[in-house]
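# Geometric and topological summary
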Amino acid sequence: MEKILGKTKIDDWVAALSDHPQEVGRGCKAAEAATTTHWQVSAPVLEDGIWSYQSGSGSVQLEHSNTTQPPKGFSFPQREVFFSFEQIKGEPPKLTQKLPQATRHAVFGVRPCDGCGAVRMDKVFSDHVADTYYTARRSNVAYVGLACNQPQGINCFCLSVGGSPVSSDGMDVLMTDLGDRYFVAAVTDTGKALMAAGNSVFSEPTAADRKQLQQTHAEAIAQPQRAINNLDAAPAKLKASFDSPLWEELARACIGCGVCTFLCPTCHCFDINDENTSATPIKGNRVRTWDNCQFPDFTMHTSGHNPRESLGSRLRQRVSHKFQYFHENFGMPQCTGCGRCITECSVGIDIVNVVNKVAEHAG
Amino acid sequence: MPDNIYLPELARIAHIKEEISGERAIKTYRVEPVNGGGFEHNCGQCAMLSIFGRGEMMISIASSPLITEYKQFSVMRVGRVSAAFHELDVGDVIGIRGPYGNSFPVDDWRGKNLVFIGGGVGLAPIWPVITTAVAQRADFKNISVFYGARSPRDLMYKAELERLRGDADIQLSVDKAEEGWKEFCGFVPANVLDKKPSPNNTIAITCGPPIMIKFVIQNLQQLGFADEQIYTTIENKMKCGLGKCGRCNVGKDYVCTKGPVYSWAQLKQLPEEY
Ligand SMILES: Cc1cc2nc3c(=O)[nH]c(=O)nc-3n(C[C@H](O)[C@H](O)[C@H](O)COP(=O)(O)OP(=O)(O)OC[C@H]3O[C@@H](n4cnc5c(N)ncnc54)[C@H](O)[C@@H]3O)c2cc1C
Ligand code: SF4
Ligand code: SF4
Ligand code: FES
């Protein structure tokens, strides 16, 4: 399904989605579907100097560079409760599962690197055994993506990591900016349903629209970007560089803040802890929160022994996971070239430089 | 796998035995499923035990898969959850999910000699293999167990080890000599070198502190053991047990799903990150 949407009509589409009773959703059980009639639409919003995806009032604005926070939180929130417990000593506890509500999120303005991020997250959370909570949320999240006619920042490098500024990977719908209108293409059945809900806000594309789309995409792909020099060689080069002294040198400035991974669209590490609200009886919640491989205690045993004690060993883990281990497990890099970890690092640690430099020194 | 992979089943503490007291106290627990649940396991697998309000910890299942009424765990008191464990009484109800990880390929070892080498609480992960092999004694040739700790007071499963004598050759050691100690005095790897088990048709299984494992492997190699004949386990920090939380990896392997059991031939292919 391919349509044209006048830029002034985007709010009409959003309104139609928010009102539209939606019977089918990807993986959505019948019982849940009956209670869910709307898509909750989210789009980039600037708040406290940070661009993130939020729902709510106001018209949808897509004319901005990529968000500071990736949209991964719709499927993998920063904090979520697994279950609550209540127990009197010596008796079985009462456990109450907190399975995610079946709210359907249509996320507008997702950029191709973040669509590719969702593809990576899906792999992790479905490999070996499906993650109960991620799967439940993810089945109710749809990405209405927006191709990048220009790189969104000086640190974009999607083309060199197997992506593209016009990629529809991980999207349900991909829109392309054609000046005063968007070219809107459904990618999945969910995307078709989203577009069908908009119905009369769209018009049929003309031959001229299609021609302009092709030209826009061709120009987008031709825009200069930064680059990982040789992606295919990276896994072997990194493997050969495990003991390289370069890691400590490159990591020396790191203050271990973890911004690079919290803001990464593919980073999935988490912690599980009990948060208590009462001591007798024991009451509280078992909670999952994002965690971070750049923190020293991430891998530290209780004995104090730490397999990744130094800054260098932790930088090596972040970079090797993205460009070697993930490749070995899933046949693709775990980095989608969004550039956030470079732009947001306060001390200038730059994953493109790191990979290129380590590879160069590996010979 | 259950519907909700993070929701533990409930289990009741049926029996508690204090193995070692003091600073590095160890207690052994038998737990039984509440409401007839429970799961089967293989030698070497682990389970995530919960104390509600404290959290979870990964512990090796220390009982043989042949025992189905209960599962045994030996827990060293080290931090938040393990300390709370040491406060438990018989009858208390905990959470349990698992089993996690791969297992020792015990079936491939039938007809062979087995040499077990454990240190400290590292006897627990190999205990299911030892007791399974002894229960199926006719299937195996010589069975020997090297086990050591800092002092005689730090040896766990003492009575159980004594009961194995006859079925297995038991070689105990302590790091420092003490009045009345009649067996080997010195580190576990040195005891192995002293007794010189033959590598001929033999599998060596070792578990203990990383530094002990390192020297055990060196000494086994010196005795002529090939890398494929040596098995050990890795205990990286774990949270999920399911290959999701990203914490326990050694190179590309999440130890919670690909390990914890490795032959030395497999392990030496991986980066040394454990
Ligand atoms: C595969 C495997 C098998 C194990 N078998 C046993 C056993 O049979 N007996 C035994 O006493 N111990 C065993 N351990 C170690 C045990 O898991 C830790 O001692 C325990 O998690 C410490 O938790 P804590 O809350 O008491 O300590 P804290 O330091 O307060 O723990 C905080 C958190 O860190 C984690 N953690 C800290 N250290 C470790 C560690 N070394 N390994 C894993 N997670 C850690 C825990 O998940 C815990 O939630 C095993 C570990 C692994 C990975
Ligand atoms: S953002 Fe920069 S300083 Fe912070 S942990 Fe990452 S590399 Fe280190
Ligand atoms: S590693 Fe950095 S550039 Fe790559 S996807 Fe993550 S945040 Fe973006
Ligand atoms: S314990 Fe979470 S990935 Fe292994």
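This is a predicted model, so every value here is computed, not measured.

### Structural notes on unusual backbone geometry
Of the consecutive residues T280(A) and P281(A), the connecting peptide bond is found in the cis state with omega at -10°. Position of P281(A) relative to the elements: it lies in the loop between strand 11 (270–278) and strand 12 (282–290). You will see that Y157(B), though not glycine, has its phi angle at about 50°, which is positive. Tracing the sequence through the fold places Y157(B) in the loop between strand 8 (143–149) and helix 3 (158–164).

### Considerations on the pattern of salt bridges
Across all of its chains, the model carries 34 salt bridges over all chains by this definition. Between D350(A) and R226(A) there is a salt bridge whose closest N-O contact spans 2.9 Å. Residue D350(A) is located in the loop between helix 11 (340–343) and helix 12 (351–362), and its partner R226(A) is located in the loop between helix 6 (207–222) and helix 7 (234–240); the two are separated by 124 residues in the primary sequence. The class for D350(A) is buried, based on a relative accessible area of 11%. Across the pair E56(B) and R286(A) runs a salt bridge whose closest N-O atoms are separated by 3.4 Å. Taken together, the residues E56(B) in strand 4 (residues 55–60) and R286(A) in strand 12 connect one chain to another. Across this residue pair, the class does not change: E56(B) and R286(A) are buried. Within this structure, E80(A), D131(A), R137(A) and R288(A) form a network of salt bridges that share partners.

### Observations regarding helix 2 (residues 123–135) of chain B
All names here are of chain B. The terminal C-alpha atoms of helix 2, which comprises 13 residues, lie 17 Å apart, in line with the 18 Å expected from a rise of 1.5 Å per residue. In terms of residue burial, helix 2 counts as a mostly covered element, since 11 of its 13 residues are buried. Against strand 4, strand 5 (71–76), strand 7 (113–119), strand 8, helix 3 and strand 11 (202–207) lie the buried residues of helix 2.

### Some thoughts on the interface of chain A and chain B
Often, the extent of an interface is quoted as the loss of accessible area upon association of its parts. Each side of the interface is counted separately: chain A has 50 residues, and chain B has 47 residues. Overall, the association of chain A and chain B removes approximately 3800 Å² of surface from exposure, summing both partners, and the carbon and sulfur fraction of that is 54%. The three residues of chain A that bury the most area against chain B are V129(A), F270(A) and R286(A), which together make up 13% of that side's buried surface. Across the contact surface, chain A and chain B share seven salt bridges. D92(B) is the salt-bridge partner of K89(A), the closest N and O atoms lying 2.5 Å from each other. The tally of links from chain A across to chain B stands at 34 residue pairs in polar contact (both at pLDDT 80 or more). The residue makeup of the side of chain A that touches chain B, split by class, is 21 nonpolar, 16 polar and 13 charged.

### Quick look at the domain arrangement of chain A
Residue and element names in this part refer to chain A. What the domain assignment lists for chain A is domain 1 (2–76 + 100–222) and domain 2 (231–271 + 289–362). Averaged C-alpha coordinates put domain 1 and domain 2 at centres separated by 28 Å. On the domain 2 side, the residues contacting the 25 residues of domain 1 number 29 residues. A per-residue breakdown of the area domain 1 buries against domain 2 is headed by K72, R120 and F157, which together make up 27% of the total.

### Examining the domain arrangement of chain B
All names here are of chain B. As far as domains go, chain B holds domain 1 (9–100) and domain 2 (106–233). The gap between the C-alpha centroids of domain 1 and domain 2 is 24 Å. Taken residue by residue, the interface counts 18 residues in domain 1 and 18 residues in domain 2. Interface area for domain 1 against domain 2, summed over the two sides, is near 1300 Å², with a carbon-plus-sulfur share of 62%. There are one salt bridge connecting domain 1 and domain 2. Between K17 and E160 there is a salt bridge whose closest N-O contact spans 3.7 Å. The set of elements that each furnish at least two residues to the side of domain 1 that touches domain 2 consists of strand 1 (9–20), strand 2 (26–33) and strand 5. Looking at the side of domain 1 that touches domain 2 residue by residue, the class counts come to eight nonpolar, seven polar and three charged.

### Considerations on the pairing of strand 5 (residues 94–97) of chain A
All names here are of chain A. Bridge analysis of strand 4 (residues 79–87) against strand 5 gives four bridges, and the strand direction is antiparallel. Each bridged residue has a counterpart across the sheet, and for F85 the counterpart in strand 5 is L95. Hairpin connection, strand 4 to strand 5: the antiparallel pair is bridged by six residues, and G90 has positive phi, about 90°.

### Notes on the site of ligand 1
Near ligand 1 there are 22 residues, and of these T302(A), M58(B), R80(B), V81(B) and S82(B) occur at the shortest range. More than a single chain frames ligand 1: its nearby residues are located in chains A and B. In this structure, a nitrogen atom belonging to ligand 1 sits 3.0 Å away from a side-chain N or O atom of S60(B). Contact between ligand 1 and M238(B): an oxygen atom at 3.2 Å from a main-chain N or O atom of the residue. In the complex, the protein chains occlude 90% of the 830 Å² of accessible area that ligand 1 would expose alone. Counting residues per element, the ones that place at least two in the shell around ligand 1 are strand 4, strand 5 and helix 1 (80–86) of chain B. Element by element, the count of residues in the shell around ligand 1 is highest for strand 4 of chain B, at five residues. Considering only residue class, the shell around ligand 1 consists of 10 nonpolar, seven polar and five charged.

Calculation notes
- Residues numbered from 1 in each chain as written.
- Chains lettered and ligands numbered in written order.
- Predicted model: local features only at pLDDT ≥ 70, side-chain atom pairs only at ≥ 80, totals over all residues.
- Heavy atoms only, no water.
- Helix = DSSP H or I, 4+ residues; strand = E, 2+ residues; numbered from the N terminus.
- Salt bridge = Lys/Arg side-chain N within 4 Å of Asp/Glu carboxyl O.
- Buried < 20%, exposed > 50% of the residue type's maximum accessible area, 1.4 Å probe, protein only.
- Expected span 1.5 Å × (residues − 1).
- Contact = heavy atoms within 4.5 Å.
- Buried area = accessible area lost by both parts, 1.4 Å probe.
- Polar contact = N/O pair within 3.5 Å; in protein donor to acceptor, adjacent residues only side chain to side chain.
- Nonpolar A, V, L, I, M, F, W, Y, C, P; charged D, E, K, R; others polar.
- Domains from an automatic or database assignment.
- Pairing = 2+ DSSP bridges.
- Near = heavy atom within 4 Å.
- Areas by Shrake-Rupley, 256 points an atom, 1.4 Å probe, with all protein chains shown as cover.

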